Amino acid sequence: MTHLTIAMPKGRIFEEAYQMLIDAGFNLPEEVEMSRKLMIEIPEENIRFILAKPMDVPVYVEHGVADIGIAGKDVLLELKRNVHELLDLKISQCYIASAGLPNTSMNEIAPRIATKYPNIAMNYYKEIGEQVEIIELNGSIELAPMIGLADRIVDIVSTGRTLMENGLVEYEHITDVSSRLIANPVSYRMKSERIQEVVTRLKNLVN
Ligand SMILES: Nc1ncnc2c1ncn2[C@@H]1O[C@H](COP(=O)(O)OP(=O)(O)OP(=O)(O)O)[C@@H](O)[C@H]1O
Ligand SMILES: O=P(O)(O)OC[C@H]1O[C@H](OP(=O)(O)OP(=O)(O)O)[C@H](O)[C@@H]1O
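Calculation criteria
Residues numbered from 1 in each chain as written. Chains lettered and ligands numbered in written order. Predicted model: local features only at pLDDT ≥ 70, side-chain atom pairs only at ≥ 80, totals over all residues. Heavy atoms only, no water. Helix = DSSP H or I, 4+ residues; strand = E, 2+ residues; numbered from the N terminus. Buried < 20%, exposed > 50% of the residue type's maximum accessible area, 1.4 Å probe, protein only. Contact = heavy atoms within 4.5 Å. Areas by Shrake-Rupley, 256 points an atom, 1.4 Å probe, with all protein chains shown as cover. Lys, Arg positive; Asp, Glu negative; His and termini not counted. Charge placed at Lys NZ, Arg CZ, Asp CG, Glu CD. 1 Å grid on protein atoms, 1.4 Å probe; cavity = no way out; pocket = protein on both sides within 12 Å on 5 of 7 lines; lining within 4 Å. Points joined across faces, edges and corners; volume = space filled by probe spheres on them. Nonpolar A, V, L, I, M, F, W, Y, C, P; charged D, E, K, R; others polar. Near = heavy atom within 4 Å. Polar contact = N/O pair within 3.5 Å; in protein donor to acceptor, adjacent residues only side chain to side chain. Sits in = over half its atoms within 2 Å of the grid points.

Explain the overall build of the protein chain to me, using residue names and the numbers behind them.
Counting secondary structure elements, the protein chain contains eight helices and eleven strands. In terms of its C-alpha atoms, the protein chain occupies a principal-axis envelope of roughly 60 × 30 × 30 Å. Expressed as a percentage of the 207 residues in the protein chain, the buried residues total 46%. At a minimum sequence separation of 6, the contacts of the protein chain that also span at least 24 residues come to 69%. Roughly 11200 Å² of accessible area belongs to the protein chain as shown, and the carbon and sulfur atoms make up 49% of that amount. A gap of 4 Å separates the mean positions of the 21 positive and 30 negative side-chain charges of the protein chain.

Please set out the layout of surface pockets residue by residue, giving values where relevant.
If you add up the space inside the largest pocket, you get close to 950 Å³. Around the largest pocket, the lining is made up of 38 residues, and of these Arg-12, Asp-74, Lys-116, Tyr-117 and Ile-156 lie nearest the centre. Only α1 (12-23), β4 (68-72), α3 (73-79), β9 (152-157) and α6 (161-165) provide two or more residues apiece to the lining of the largest pocket. Split by residue class, the lining of the largest pocket holds 15 nonpolar, 14 polar and nine charged.

I'd like a description of the site of ligand 1, backed by residues and values.
As a matter of local geometry, ligand 1 sits amid 14 residues, with Arg-12, Lys-53, Asp-74, Lys-116 and Ser-158 nearest to it. Within the side chain of Arg-12, a nitrogen or oxygen atom sits 2.8 Å from an oxygen atom of ligand 1. Note that an oxygen atom of ligand 1 is positioned 3.0 Å from one of the side-chain N or O atoms of Lys-53. In the complex, 73% of the free accessible area of ligand 1, which totals 620 Å², lies under the protein chains. Judged by the fraction of its atoms near the pocket grid, ligand 1 is located in the largest pocket. Secondary-structure elements contributing two or more residues to the shell around ligand 1 are α1 and α3. Partitioned by chemical class, the residues of the shell around ligand 1 number six nonpolar, four polar and four charged.

Keep in mind these values describe shape, not function.
What follows is the structure, given as structure tokens:
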């Protein structure tokens, strides 16, 4: 059986994605999420997992140190790495939207947009013909309009609870997001049978 290295995102996607692999019939230990280990060998399946920051998964896959990986569509759109997108796993579903304080219009001269997705935000405002100033943050994006740092944010919305509890409203729905199975292009050719088997087994669960 060909060896596979799989890059998994730590954090909120991990548990659902790992459970999906178990449901797909892979013989994996149940207690892995309790561990602090970042590299886990599963000799029974000839699989090695590496546990990376969600934004770093496509980097490991593009460089070929992981053959396949699981990444949010938000991360793929933001980073535009050279990886193949094989399957929409339809987990961690959410969307990217612009939001701000209610009943406010954007400053006419270079409105300020706070986001952890500078490329997605820039492309969106370019498409709709708005010239904006991007303020890049790493988290707690909703603070920016409340404290007067930005006119709008571009961020993930799932239940809408974070917006609501911080007195913000959604303005534009930008794009839908879910987690995707991705592959290194060379691995995809060299290990096609093994990778295709993973795709087929996961596809049965998605449909
Ligand atoms: N509220 C949410 N509901 C559902 N999915 C989400 C939500 N927020 C983010 N996601 C998805 O989960 C992925 C990982 O998010 P997570 O919050 O675990 O990490 P992160 O905030 O990007 O990284 P960090 O480890 O720096 O906190 C995102 O790339 C996105 O696809
Ligand atoms: O619509 P909701 O269900 O409230 O989810 C949306 C929130 O979830 C994410 O934040 P996260 O928990 O990852 O925190 P951070 O980005 O501030 O680190 C996202 O950046 C939103 O703030």
